[in-house]
Amino acid sequence: MKRRNLLAGLASVGAIGGAGLIATGTVPDTFSTGNETPEPVESTTLDTIEAPGSRDGEVTIPPDNQATFVDFFGTWCAPCVEQMPALGEAEDRIGDEVLFLSVTTEDIGGSVSEETVVEWWRENDGDWLVAADVTAELAAKLNVGAYPTAVALDATGRIQWSESGIHTADEIVAGIETALNA
């Protein structure tokens, strides 16, 4: 009887896993050969926030023919605060080689005011483009599941580097250089 239960459990796991692959249309990295070229990310237009180093308006990610670095943060996220100095250093080092921006998925204008984001940005020395992804559309396209998350896209809009957690400026610059050299 125990063997039958074990086999039934293993079959269930396989069926659920297969259904997950079909539902998401993605294959986990453990099944990947590493030779596949990632598909370009479908563009998403976000509202930008008027804050230090930023402007009021819109930005489309990914832009045509330009590498892009996107940092996902939340004003409620302590590791995001810790990440800010390294982001500032990386932005200073990379300069205009990429579109460099930070994005929050918070409900700007709803549960979080734009002033809250601007004040957080100012307090944490943000000095580059900042935008709001209130529907989390871009976050979903870039498979963001934790904060902070850093993503570097090449000039064709393909993800070349993506990692969650706190990174040093050197790690961020290396990730961006991966996208620039793709």
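Located above this text is the structure these notes cover.
All values derive from a computational prediction rather than experimental measurement.

> Could you give me a rundown of the packing of helix α2 (residues 78-94) against helix α5 (residues 169-180), with the residues and numbers involved?
The interhelical angle for the contact between α2 and α5, taken along N-to-C directions, is 50°, at an axis separation of 8 Å. Compared by their axis directions, α2 and α5 come out oblique. Seen from above, α2 lies across α5 with right-handed handedness. Across the interface between the two elements, Gln 83, Ala 86, Leu 87, Glu 89, Ala 90, Arg 93 and Ile 94 of α2 pack against Ala 169, Asp 170, Ile 172, Val 173 and Ile 176 of α5. For the contact of α2 with α5, the per-class residue count stands at 8 nonpolar, 1 polar and 3 charged.

> Help me get a handle on the state of the cysteines, residues and values and all.
A complete count under the given rule lists 1 disulfide for this structure. There is a disulfide in this structure between Cys 77 and Cys 80, and the S-S distance comes to 2.4 Å. Between Cys 77 and Cys 80 the sulfur-sulfur dihedral comes to about 80°; the bridge is accordingly right-handed. As far as burial versus exposure is concerned, Cys 77 and Cys 80 are alike and both buried.

> Quick rundown of the sheet that holds strand β2 (residues 57-61)? Include the residues and the values.
Strand order in this open sheet of 7 strands is β2-β1-β5-β4-β3-β6-β7, and the pairing throughout is mixed. What marks the edges here is a single partner per strand, and that holds for β2 and β7 (159-164). Here the average twist between neighbouring strands, direction ignored, is 30°. Packed onto the sheet, helix α3 (residues 114-123) meets β3 (68-73), β4 (99-104) and β5 (129-132) and runs at close to 110° relative to β3. Contacting β3, β4, β6 (149-153) and β7, α5 crosses the sheet at an angle of about 155° to β7.

Criteria and cut-off values
Residues numbered from 1 in each chain as written. Predicted model: local features only at pLDDT ≥ 70, side-chain atom pairs only at ≥ 80, totals over all residues. Heavy atoms only, no water. Axes fitted to C-alpha atoms, helices over the stretch in contact; angles between N-to-C directions. Helix = DSSP H or I, 4+ residues; strand = E, 2+ residues; numbered from the N terminus. Parallel < 35°, antiparallel > 145°, perpendicular 65-115°, else oblique. Left-handed = near helix turned anticlockwise from the far one by under 90°. Contact = heavy atoms within 4.5 Å. Nonpolar A, V, L, I, M, F, W, Y, C, P; charged D, E, K, R; others polar. Disulfide = S-S within 2.5 Å. Buried < 20%, exposed > 50% of the residue type's maximum accessible area, 1.4 Å probe, protein only. Pairing = 2+ DSSP bridges.

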